[in-house]
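# Coordinate inspection notes
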Amino acid sequence: MKRREFIKSSALAGGSLLSPPGLTAHASESASGLQAPIPSMPLTKTVALNLRPAHWIWYPSERTLQNTVVLFRRQLDLPEKPLRAKGWVVADGRYKLEVNGQRVQWGPAPCDPRWLEVDPMDLTEFLHAGANTLGAQVLFFGQGDGTWPIGKCGFIFWLEIETAHGEKQTIVSDGAWQAYLARSWKPGHYKRWYLRALQEEFDARLFPYGWTSPGFAPNQDWLPAMPLECPADKPAICSTYPEYMLNFRGDPGTSQLRARSIPLMRETPVPAARLAESCWIEWDRSPEEYFEFMPPNSFRPDRKPAATEGAAGSWDVELDGRRGAALTFEFAEQMVGWPYFTIEAPAGTTIELMVQEAHQVGGPALLNTHFHSWTRFICREGINHFETFDFECCRWVQLHIHGASGKVTISNVGMRRRVFPWPHSPAMRVSEPPLQRLIDATINTLNNCAQETMMDGGGRERQQYSGDGAHQLHPLHLNFGETRLPARFLATFSQGLTEEGFFLDAWPAYDRLARLIERQLHLTQWGPLLDHGVGFNFDCFYHYLYSGDLDDLREPYPRLLRFAQYLESIMGSDGLLPVENLGIPAVWMDHIAYQRQRHKQCAFNLYAAAMLQNALPRLCEAFGDPARAQAARDFGRHLQEAAVRRFWSPEKKLFLNNLPWLSEEGSPRLCDRSLATAILFDQCPKGQTDAVLRVLADCPPEMGFSYPDNACWRLWALGKGGRADIIVRDFRERWANMESVLLNNTLQEDWHAKPDSGSEWSHTPVIPLYVTTMSLAGIKPLVPGFKRCEIRPQMADLDLLELTVHSVQGPIEFSGRGKIGSRELTIRMPSGCVGELVVDQREVLALRPIAGSSTSNGLARYHLAAGQSTSVHLKFT
């Protein structure tokens with residue numbers, strides 16, 4: 001087949017890694033049709049900020065080492081308490097804002113450094129008449145992190161104060177601020193690991209306590225802040241300050257400060273549930289060497305309890321100056337937040353705070369078993385209140401205390417939990433306690449992973465992906481009624497488009513930037529994942545379907561077109577997209593479902609064909625571009641036809657992943673992704689789906705079975721094929737018994753998880769919530785904005801399922817009670833949404849049938865009026 005040209009343009013409207021959103025593409029060879037330039041997209045929702053007369057400021061210097069902390073301070077005298085004090089603040093990379101000794105907020109959200117989002121602040125309740133102190137503790141990462149890909153140091157602040165008399169005053173960052181190099185955190189300290197920049201070590205003896213209180217007297221180490229040469233409407237990456245490690249500067253012409261597009265996180269203190277165990281650590285090598293290098297045989301545990309319970313929820317330890325004491329605390333469930341504790345101890349007492357997602361009591365004596373997840377605190381004399389600067393994801397916190405002699409007392413162990421401020425709390429009830437526990441664990445998992453970015457897991461990477469990780473979009477829209485966080489995901493992920501036209505599929509994060517170098521030198525299998533780029537097209541389409549908001553897609557849409565052009569450019573002479581020898585990018589699909597890389601070609605091409613025929617063309621049409629819509633459908637049809645020719649077995653009526661190499665390999669290989677995609681998007685020739693559904697239900701050993709995050713495809717396909725019984729069975733037997741569900745109230749990354757390991761116990765396979773909604777209650781939008789939806793209940797043998805879908809038109813309330821043969825179904829529709837009830841055609845219902853609906857599949861459709869509640873008795877559904 002001759003390779004078709006899908007789109008041609010010599011530049012990208014919407015921006016690649018080096019070009020901005022909204023830039024009109026250069027003209028191509030033709031002014032119309034497939035070769036028309038990619039259109040300019042004004043970003044109607046993006047709020048660009050210019051913080052003049054504020055200046056970007058920093059500590060007076062000519063270079064800044066990694067993991068440097070600078071304190072910025074400004075005195076402010078007010079004649080009266082302000083009526084209003086609001087403004088904007090941001091730093092590269094992270095800041096903690098305090099006013100008059102009180103914590104205000106922590107930020108910013110992870111961003112592409114070229115389009116840095118500035119946080120709003122409201123200081124009205126923190127300021128008072130008289131002397132006030134504004135303070136910001138700023139950490140410059142300087143090395144890549146899962147939440148920070150690259151950047152330059154800097155801090156900017158803009159505050160407008162209004163009195164009850166209408167008088168206004170503006171306070172901005174400038175040379176009047178004082179800057180202090182906080183050596184309580186050693187500048188230049190090493191990274192924790194690949195995707196965690198900060199290995200925090202804090203020495204309280206060097207910290208200027210009280211520095212954000214009005215009575216503090218700065219010494220000679222507080223210097224006038226240095227204004228940076230950087231416009232007040234541009235991010236710090238555009239400053240002329242030298243970046244000594246990588247020697248770069250951002251382009252002011254393509255960069256922009258933007259207002260934060262989501263609300264600030266909600267922070268809540270949560271105390272530890274209990275002290276689970278304590279023991280002594282006999283050191284044969286120094287603790288410092290152990291935590292730096294982890295040489296073997298560094299210590300010997302003595303399992304005698306090291307702590308005794310003291311007064312009012314405290315614990316006492318008698319240190320002998322030689323041994324360390326390890327106290328292990330357990331929380332009720334796994335959370336994301338900042339661990340904290342209080343300790344009264346001699347000066348120089350050292351504590352390594354370690355976190356772990358899962359721990360077996362009596363297991364490893366030290367919890368340094370999870371990507372070097374420790375923070376070191378060194379005490380000043382007396383009472384010390386310690387809290388990590390960066391957030392963690394854990395259920396267990398251990399304090400290893402050493403370096404002094406005498407009594408120490410530990411108290412107030414807890415975590416400042418951070419959770420997104422959801423507009424609605426998910427409402428779902430099922431009759432069986434194990435399944436209800438599974439649903440509750442799914443909700444808690446979403447609290448952990450859907451933060452400011454849609455993380456895959458907070459305990460390891462803390463970075464957002466499309467593909468498997470972006471399935472979070474479904475429950476956020478359906479069960480939480482949240483549209484802002486998905487919209488931000490679409491914008492920030494899309495910003496990671498490369499000049500070649502593929503996405504850095506973990507963006508904004510350091511991971512794929514590093515992989516670009518590694519792939520050039522053949523040092524890793526992990527390149528930017530093309531299948532996640534395919535998935536991102538679906539993410540954009542589903543967001544539009546749920547929200548009806550096309551403005552949210554103005555930034556991603558031109559980048560989707562560029563990605564489609566890239567896919568067309570790599571199509572082989574056989575009409576298929578390759579999965580091997582791709583250069584920098586790679587094709588993943590799943591890490592356990594395939595024996596060989598070439599076995600992924602069937603699934604990848606069916607997936608891309610489905611996207612090109614279903615997701616992208618509907619977005620093209622929504623943006624008024626029918627020519628590109630047709631081009632996308634044609635491209636997808638050609639891919640599907642080529643995949644059928646190469647991988648469809650007419651004898652078995654199945655897609656065989658290794659059909660071209662079957663004589664060489666000897667036995668057939670299948671995968672759930674290929675088969676599920678074929679069912680969901682009607683890709684089986686002549687509609688021959690019986691064998692495909694049977695294999696998806698039975699899971700024979702020759703079928704590769706995806707890891708939990710990708711299990712949705714098989715369950716969705718079974719739901720479409722009327723096999724809800726398999727979905728419910730899977731939830732009971734495969735999901736409800738997960739170790740993480742039973743122990744951590746979360747959902748784990750893999751089908752089995754081990755405590756005291758690198759396993760992720762709170763990942764993103766939040767399938768029980770959205771598959772229950774989409775396939776068991778069967779609620780799905782049929783048109784953008786949920787103005788019409790389908791409700792196809794398939795409760796199998798469940799005798800109770802109640803849930804609420806928080807659509808943009810209002811709540812859709814679903815209640816199903818009873819077994820098949822005698823089931824009562826009640827559905828309340830919002831005023832802006834018309835429903836289509838899909839049931840077994842044998843049902844006799846006093847509802848208006850939908851004219852023209854086919855019953856060839858054994859189903860019938862009935863009209864559900866907007867704004868009304870409908871109850872029916874079902875015998876067969």
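Residues numbered from 1 in each chain as written. Predicted model: local features only at pLDDT ≥ 70, side-chain atom pairs only at ≥ 80, totals over all residues. Heavy atoms only, no water.

### Quick look at the overall build of the protein chain
A count of helices and strands for the protein chain gives 16 helices and 38 strands. Relative to the 2.2 N^0.38 estimate, which gives 29 Å for 877 residues, the radius of gyration of the protein chain is 29 Å and therefore close to what a compact globule would have. Classification of the 877 residues of the protein chain by burial places 64% in the buried group. Intrachain contacts of the protein chain at a sequence separation of at least 6 include 74% that bridge at least 24 residues. (Helix = DSSP H or I, 4+ residues; strand = E, 2+ residues; numbered from the N terminus. Rg over C-alpha atoms; globule rule 2.2 N^0.38 Å. Buried < 20%, exposed > 50% of the residue type's maximum accessible area, 1.4 Å probe, protein only. Contact = heavy atoms within 4.5 Å.)

### Some thoughts on unusual backbone geometry
Between Asp-92 and Gly-93 the backbone carries a cis peptide bond, its omega angle lying at 5°. Here Gly-93 shows up in the loop between strand S3 (84-92) and strand S4 (94-99). Here Trp-507 and Pro-508 are connected by a cis peptide whose omega angle stands at 5°. Within the fold, Pro-508 resides in the loop between helix H4 (484-494) and helix H5 (511-520). Positioned with a positive phi, Asn-412 is a non-glycine residue whose angle comes to about 50°. Mapped onto the elements, Asn-412 comes out in strand S25 (residues 405-419). Classification of Asn-412 as partly exposed rests on a relative accessible area of 47%. You will see that Ala-796, though not glycine, has its phi angle at about 50°, which is positive.

### Concerning the sheet that holds strand S34 (residues 810-817)
Read across the sheet, five strands follow the order S26-S33-S34-S35-S38 without closing on themselves; strand pairing throughout is antiparallel. Across the chains shown, the open sheet's two edge strands, defined by having one partner strand only, are strand S26 (428-430) and strand S38 (869-874). Adjacent strand axes in the sheet meet at a mean angle of 10°, parallel and antiparallel pairs treated alike. As paired elements, S34 and strand S35 (residues 823-828) share five bridges and run antiparallel to each other. Considered in S35, the bridge of Gly-816 is made with Leu-825. Running over the sheet, helix H16 (residues 767-776) touches S26 and strand S33 (800-807) and is turned about 95° from S33. (Pairing = 2+ DSSP bridges. Axes fitted to C-alpha atoms, helices over the stretch in contact; angles between N-to-C directions.)

### Brief notes about the nonpolar core
Of all hydrophobic cores here, the largest spans 154 residues; its most connected members are Phe-731, Ile-791, Ile-812, Phe-814 and Leu-837. With 14 residues, the top contributor of residues to this core is helix H8 (residues 601-622). Leaving out residues up to four positions away in the same chain, Ile-791 has contacts with Ala-777, Gly-778, Ile-779, Ile-812, Phe-814, Ile-827, Met-829, Glu-836, Leu-837, Val-838 and Leu-864. Grouped together as the second largest cluster of nonpolar side chains are 105 residues, Val-99, Leu-139, Ala-182 and Phe-389 included. (Core = buried A, V, L, I, M, F, W, Y, C linked by side-chain atoms within 4.5 Å.)

### As for the pattern of salt bridges
The final tally for this structure, using the stated rule, is 65 salt bridges. Here Arg-300 ties to Asp-284 by a salt bridge, and the two come within 3.0 Å at their closest N and O atoms. Separated by 16 residues along the polypeptide, Arg-300 in strand S17 (residues 299-302) and Asp-284 in the loop between strand S16 (274-283) and helix H1 (287-293) bring together distant segments of the chain. The class for Asp-284 is partly exposed, based on a relative accessible area of 45%. Each of Asp-145, Arg-192, Arg-196, Asp-390, Glu-392 and Arg-462 takes part in one network of salt bridges that share partners. (Salt bridge = Lys/Arg side-chain N within 4 Å of Asp/Glu carboxyl O.)

### Some remarks on the packing of helix H13 (residues 712-720) against helix H14 (residues 724-735)
The geometry of H13 relative to H14 is characterised by a closest axis approach of 7 Å and an angle of 145° between their N-to-C directions. For the pair formed by H13 and H14, the contact residues are Arg-714, Leu-715, Leu-718 and Gly-719 on the first element and Ala-724, Ile-726, Ile-727, Asp-730 and Phe-731 on the second. Its residues assigned to classes, the contact of H13 with H14 comprises six nonpolar, one polar and two charged. (Nonpolar A, V, L, I, M, F, W, Y, C, P; charged D, E, K, R; others polar.)

### Some points on helix H7 (residues 556-570)
Residues separated by three or four positions in an α-helix point in the same direction, a consequence of the helix having 3.6 residues per turn. When the terminal C-alpha atoms of H7 are compared, their 22 Å separation across 15 residues agrees well with the 21 Å that a helix rising 1.5 Å per residue should span. Of all 15 residues in H7, 14 are buried, a share of seventy percent or more. (Expected span 1.5 Å × (residues − 1).)

### Quick look at the sheet that holds strand S12 (residues 223-224)
In space, the six strands of this open sheet follow the order S5-S4-S7-S2-S10-S12, with antiparallel pairing throughout. At either margin of the open sheet sits one strand with a lone partner, and together these are strand S5 (102-107) and S12. For strand S10 (residues 178-181) and S12, the ladder comprises two bridges, and the chain directions are antiparallel. Residue pairing in the sheet places Ala-179 in a bridge with Leu-223 of S12.

### So, a nonpolar patch on the surface
The grouping of Tyr-244, Met-245 and Leu-246 at the surface amounts to a nonpolar patch, some 290 Å² of accessible area in total. When you line up the elements, Met-245 lands in the loop between strand S13 (226-227) and strand S14 (258-259). (Patch = residues over 30% accessible without salt bridge, like charges linked within 9 Å, V, L, I, M, F, W, Y side chains within 5 Å. Areas by Shrake-Rupley, 256 points an atom, 1.4 Å probe, with all protein chains shown as cover.)

### Here's the deal with the environment of Thr-369
Along the chain, the position of Thr-369 falls in the loop between strand S21 (350-356) and strand S22 (374-378). On the basis of relative accessible area, Thr-369 is assigned to the partly exposed category, the value being 25%. Between the alpha carbons of Thr-369 and His-752 there is a distance of 18 Å; along the sequence they are 383 residues apart. Excluding residues that lie within four positions of it along the chain, Thr-369 makes contacts with Gln-356, Pro-364, Asp-756, Ser-757 and Gly-758.

### What to know about the pairing of strand S6 (residues 117-122)
When S3 meets S6, the two strands line up antiparallel, connected through four bridges. From the neighbouring strand, Trp-88 faces S6, where its bridge partner is Pro-120. As paired elements, S6 and S14 share two bridges and run parallel to each other. Looking at S14, one finds that Glu-117 is bridged to Arg-258.

### Some thoughts on the side chain of Thr-328
Considering the arrangement of structural elements, one finds Thr-328 in strand S20 (residues 324-345). A polar contact of 2.9 Å, which involves the side chain of Thr-328, links it to the side chain of Gln-398. Sequence-distant contacts of Thr-328, defined by excluding residues within four places in its chain, comprise Arg-274, Leu-275, Ala-276, Glu-277, His-359, Leu-367, Trp-396, Val-397 and Gln-398. (Polar contact = N/O pair within 3.5 Å; in protein donor to acceptor, adjacent residues only side chain to side chain.)

### A look at the packing of aromatic side chains
Counted under the stated rule, the structure contains 58 aromatic pairs. Between Trp-283 and Tyr-290 the ring centres are 5.4 Å apart and the planes differ by 55°, which places this aromatic pair in the tilted class. The residues Trp-283 and Tyr-290 share a single accessibility class, namely buried. Of the aromatic side chains, those joined through ring pairs into one cluster are Phe-538, Phe-541, Tyr-542, Tyr-546, Tyr-607, Phe-681, Trp-713, Trp-716, Tyr-770 and Phe-786. Over the ring of Trp-338 we find Arg-103; its NZ or CZ atom is 4.6 Å from the centre of that ring. In this structure, Arg-418 packs its charged tip against the face of Phe-391, placed 4.5 Å from the ring centre. (Phe/Tyr/Trp six-rings, centres within 6.5 Å; stacked < 30°, edge-to-face > 60°. Lys NZ or Arg CZ within 6 Å of the ring centre and 35° of its normal.)

The analysis is restricted to geometry; functional conclusions fall outside its scope.
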